[in-house]
Amino acid sequence: FESELKVMEVLWEQGDLTAGQLSKELAHRTGWNRNTTYTIIKKLVEKGVLERIEPNFTCHPLISRSQVQQEEADSLVNRLFDGSAELLICTYLTEKKLNKEEIIRLKQLIETLN
């Protein structure tokens, strides 16, 4: 999944790219060769999260970064915290020291949810 996420990150940042352009960018960022990138592209197309558009083998993401973040957060909460987002947040906040601005933003977020 980490390798798939690297491909998606480039597309979310730069928009649609041809497979060749994507391969060059990932070679620069990660040192991957062309075959590695194409293999991952193929997996993402098979999973239905990436679309291959012809001509030019253009890669277009079918899911957004926020969708992936939400799915991963849900998975984490379900796997490690028995489905309790409250337990996740409490665990995280007892270990991490938030600065004043972060605390204010969290309070504002909680207020908007009420």
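Scroll up to find the structure.
This write-up is about the structure you can find in this document.

Conventions we followed
- Residues numbered from 1 in each chain as written.
- Predicted model: local features only at pLDDT ≥ 70, side-chain atom pairs only at ≥ 80, totals over all residues.
- Heavy atoms only, no water.
- Pairing = 2+ DSSP bridges.
- Helix = DSSP H or I, 4+ residues; strand = E, 2+ residues; numbered from the N terminus.
- Contact = heavy atoms within 4.5 Å.
- Axes fitted to C-alpha atoms, helices over the stretch in contact; angles between N-to-C directions.
- Expected span 1.5 Å × (residues − 1).
- Core = buried A, V, L, I, M, F, W, Y, C linked by side-chain atoms within 4.5 Å.
- Buried < 20%, exposed > 50% of the residue type's maximum accessible area, 1.4 Å probe, protein only.
- Phe/Tyr/Trp six-rings, centres within 6.5 Å; stacked < 30°, edge-to-face > 60°.
- Lys NZ or Arg CZ within 6 Å of the ring centre and 35° of its normal.

## Section: the sheet that holds strand β1 (residues 17-18)
On the basis of which strands lie adjacent, the open sheet formed by 3 strands has the order β1-β3-β2 and antiparallel pairing. Edge strands, defined here as strands with exactly one partner in the open sheet, are β1 and β2 (50-53). Pairing of β2 with strand β3 (residues 58-61), which is carried by 4 bridges, proceeds in the antiparallel orientation. Of the residues in β3, the one forming a bridge with Ile-53 is Thr-58. Across the sheet, helix α1 (residues 2-14) lies against β1, β2 and β3, angled at about 90 degrees from β3, the strand it touches most.

## A few points about helix α4 (residues 65-80)
Its 16 residues place the ends of α4 22 Å apart at the C-alpha level, agreeing with the 22 Å of an ideal helix rising 1.5 Å per residue. Of the residues one or two after α4, Asp-82 is the one with positive phi, at around 50 degrees.

## Details of the pairing of β3
In the sheet, β1 pairs with β3 via 2 bridges, with the strands oriented antiparallel. In the strand pairing of β3, Leu-17 is matched with Cys-59. The loop that links β2 with its antiparallel partner β3 comprises 4 residues; one of these, Asn-56, has a positive phi angle of about 75 degrees.

## Remarks on the nonpolar core
By size, the foremost hydrophobic cluster in this structure holds 19 residues, and its most contacted members are Val-7, Leu-11, Leu-22, Ile-41, Leu-44, Leu-50 and Cys-59. Listed by contribution, the elements that provide at least two residues to this core are α1, α2 (19-30) and α3 (34-47). In this view, Ile-41 contacts Ala-19, Leu-22, Leu-50, Phe-57 and Cys-59; residues no more than four positions away in its chain are not counted.

## Concerning the packing of aromatic side chains
As enumerated under the stated definition, the model contains 1 aromatic pair in all. With a centroid separation of 5.5 Å and an interplanar angle of 85 degrees, the aromatic rings of Tyr-38 and Phe-57 are classed as edge-to-face. Residue Tyr-38 is located in helix α3, and its partner Phe-57 is located in the loop between β2 and β3; the two are separated by 19 residues in the primary sequence. Sitting over the ring of Phe-57, Arg-52 keeps its end group 3.7 Å from the ring centre.

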